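The primary structure of each chain is shown beneath.
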Amino acid sequence: MTSARPARLRVGVVGAGRVGATLGAALDRAGHRVVAVSAVSDSSRDRAARLLPGADVLPLDEVVTGVDLVLLAVPDDALRSLVAGLADADVWRGGQLVAHTSGAQGIDVLDPAAARGVLALALHPVMTFTGRSEDLDRLSGAPFGVTAQDELRPVAESLVVEMGGEPVWVPESARALYHAALSVGSNHLVTIVNDAMSLLDVAGVDNAPRLIAPLLSASLDNALRLRDAALTGPVSRGDAATVAMHLRTLAADAPDVLAAYVAMARRTAERARAAGRLSNAATAAVLDELDRFDPSGQENT
């Protein structure tokens, strides 16, 4: 039976980007020893020197060779070919733990390594990273999406706890949907917030962040607590005339935002109707106004 607590491990970090360097530092702080790291760019080398001062900067294959745990912190699209290439080069060693940090991928992306006896883990930190030292402290209590074979689940979860995080189990079959959800909630949120501030800039309103921060904070808090009961604004009230005014204004003054407004307003109307907060008639009135504008900003007659 696999022990729930990993022994002190020699760790190799592949990719000294914001995530890899921070998680490597967290493992080092937990008592493991990061002995090697791959870092190609000047910024990665600087980050490795700051966060992983005890690690040697080595070529990729040498980072993997001779360590107990390999942490793969590379872009999602590069992960599968990297794992397969190392397998073709016969670099993987049976009994090694290999963990990647991709949110979109589960453990099947590590199959070429697993075929050589490697123990596969997916440990995805659900937080953003800046590449600065404060990232290490922000790991405290941060959730990690964890996927592994059942017998390795205790090891995967223990590693997360040792880094200061909170493991959240994600089945292999759900990884793509899990990651899409996080992208909607985080990446799209940043775009929406910046669009809102840009519109305030165009309107000539001073200090857009200060103006909008309390509203954003309250909206996020309400959404997390109340879910669809937190919906507010002209769409959820069925104020079709106000929506039409927004559309005309955006078409004239900020046409690059119009298509996003239409898409989000349509989705808001759908959620409000499904939650019983908007009648069918009011929903139809809002959707009629949205249908009058195509993505190019032209009003349809």
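Calculation rules
- Along every chain, residues carry numbers that run from 1 in the direction the sequence is written.
- Per-residue local features of the predicted model are confined to residues with pLDDT of at least 70, and side-chain atom pairs are confined, for both listing and counting, to 80 or more; whole-chain, interface and lining totals are unaffected and use all residues.
- The basis for every side-chain value is the complete set of non-hydrogen atoms in the structure, without hydrogens or water.
- Only runs of H or I of at least four residues qualify as helices and only runs of E of at least two qualify as strands under DSSP, and these elements are numbered from the N terminus.
- Exposure is judged per residue with a 1.4 Å probe applied to protein chains only, and the accessible area is read against the type maximum: over 50% gives exposed, under 20% gives buried, and values in between give partly exposed.
- Each accessible area is a Shrake-Rupley result for a 1.4 Å probe, and residues are judged covered by the shown protein chains and nothing else.
- When charges are counted, neither His nor the chain ends are considered; positive counts come from Lys and Arg and negative counts from Asp and Glu.
- Lysine's charge is taken at NZ, arginine's at CZ, aspartate's at CG and glutamate's at CD.
- Call a crossover right-handed when, viewed with both strands pointing away from you, the route from the first strand across the helix to the second goes clockwise.
- Think of it this way: DSSP has to see at least two bridges between two strands before they count as a pair.
- Helices are assigned an expected span. That span is 1.5 Å times one less than the residue count.
- Here the bend at each residue means the angle between axes fitted to two seven-residue stretches, the one ending at that residue and the one beginning there.
- What makes two residues a contact is simply this: any of their non-hydrogen atoms within 4.5 Å.
- Whenever Lys or Arg places a side-chain nitrogen within 4 Å of a carboxyl oxygen from Asp or Glu, that contact is recorded as a salt bridge.
- Computed over the protein atoms alone on a 1 Å grid, cavities are sets of points where a 1.4 Å probe fits but cannot get out and pockets are open sets with protein on both sides within 12 Å along at least five of seven lines; a residue lines them when it has an atom within 4 Å of a point.
- Grid points are joined across faces, edges and corners, and a volume is the space filled by probe spheres set on the points.
- Lys, Arg, Asp and Glu make up the charged group, whereas Ala, Val, Leu, Ile, Met, Phe, Trp, Tyr, Cys and Pro make up the nonpolar group; the residues left over, Gly among them, are polar.

1. Examining the overall build of the protein chain
So, point 1. In terms of helices and strands, the protein chain carries 13 helices and eight strands.
So, point 2. Considering only C-alpha atoms, the protein chain reaches an extent of 70 × 40 × 35 Å along its principal axes.
So, point 3. Out of the 301 residues belonging to the protein chain, those deemed buried represent 41%.
So, point 4. In the form shown here, the protein chain has an accessible surface area of approximately 15,500 Å², with 54% of it arising from carbon and sulfur atoms.
So, point 5. Of the charged side chains in the protein chain, 27 are positive and 36 negative; the average position of the first set lies 5 Å away from that of the second.

2. Observations concerning the pairing of strand β1 (residues 10-14)
So, point 1. Among the five residues of β1, four are classified as buried, and the element is accordingly described as predominantly covered.
So, point 2. Assessed by its sense of winding, the connection that carries the chain from β1 through helix α1 (residues 18-29) to strand β2 (residues 33-38) is right-handed.
So, point 3. Pairing between β1 and strand β4 (residues 69-72): four bridges, direction parallel. What sits directly across from G12, in β4, is V70.

3. Brief notes about the sheet that holds β1
So, point 1. One open sheet accounts for eight strands, arranged β3-β2-β1-β4-β5-β6-β7-β8; its pairing is mixed. Of all the strands in the sheet, the pair left with one neighbour each is β3 (56-57) and β8 (166-169).

4. Some remarks on unusual backbone geometry
So, point 1. Positioned with a positive phi, N207 is a non-glycine residue whose angle comes to about 50°.
So, point 2. Mapping N207 onto the fold places it in the loop between α8 (175-202) and α9 (208-226).
So, point 3. The exposure class assigned to N207 is partly exposed, which follows from its relative accessible area of 47%.
So, point 4. At R227, a position not held by glycine, the phi torsion is positive, near 55°.
So, point 5. Following the sequence through the fold, R227 ends up in the loop between α9 and α10 (234-237).

5. So, α8
So, point 1. Between the first and last C-alpha of α8 there are 40 Å, a value that for 28 residues agrees with the 40 Å anticipated at 1.5 Å per step.
So, point 2. Its maximal kink placed at S183, α8 deviates by approximately 30°.
So, point 3. Those residues of α8 not exposed but buried are R175, Y178, S183, V193, M197 and L200.
So, point 4. At its buried positions, α8 is contacted by β5 (97-100), β6 (119-125), β7 (143-148) and α9.
So, point 5. A positive phi of about 80° marks G204, the residue just after α8.

6. A word on the environment of V205
So, point 1. Residue placement: V205 occurs in the loop between α8 and α9.
So, point 2. By relative accessible area, V205 is classed as partly exposed at 31%.
So, point 3. With residues near it in sequence (within four places) discarded, V205 still touches L200 and L211.

7. A look at the pattern of salt bridges
So, point 1. Considering all chains together, one arrives at 10 salt bridges under this definition.
So, point 2. Notably, a salt bridge pairs E157 with R153, separated by 2.8 Å at the nearest N-O pair. Of the two residues, E157 and R153 are both situated in helix α7 (residues 153-162); the distance of four residues between them amounts to about one turn of the helix.
So, point 3. Classification of E157 by relative accessible area gives partly exposed; the value is 21%.
So, point 4. Judged by its relative accessible area of 31%, R153 is partly exposed.
So, point 5. Among the salt bridges present, the one from D221 reaches R225, with a minimum N-O distance of 3.0 Å. Of this pair, D221 and R225 both sit in helix α9, four residues apart, which is roughly one turn of the helix.

8. Quick notes on the layout of surface pockets
So, point 1. Size it by volume and the largest pocket reaches roughly 2,700 Å³.
So, point 2. Around the largest pocket sit 49 residues that line it, and L189, I192, S219, M264 and T268 are the ones nearest its centre.
So, point 3. Among the secondary structure elements, those contributing two or more residues to the lining of the largest pocket are α8, α9, α10, α11 (240-253) and α12 (255-274).
So, point 4. Looking at the lining of the largest pocket element by element, the count peaks at 15 residues for α8.
So, point 5. Of the residues assigned to the lining of the largest pocket, the class counts are 31 nonpolar, 12 polar and six charged.
So, point 6. The computed volume of the second largest pocket comes to approximately 590 Å³.
So, point 7. What lines the second largest pocket is a set of 22 residues, and nearest its centre among them are V19, H124, P125, M127 and F129.
So, point 8. The element contributing the most residues to the lining of the second largest pocket is α8, with five residues.
So, point 9. Each residue belonging to the lining of the second largest pocket can be placed in one class, and the counts come to nine nonpolar, 11 polar and two charged.

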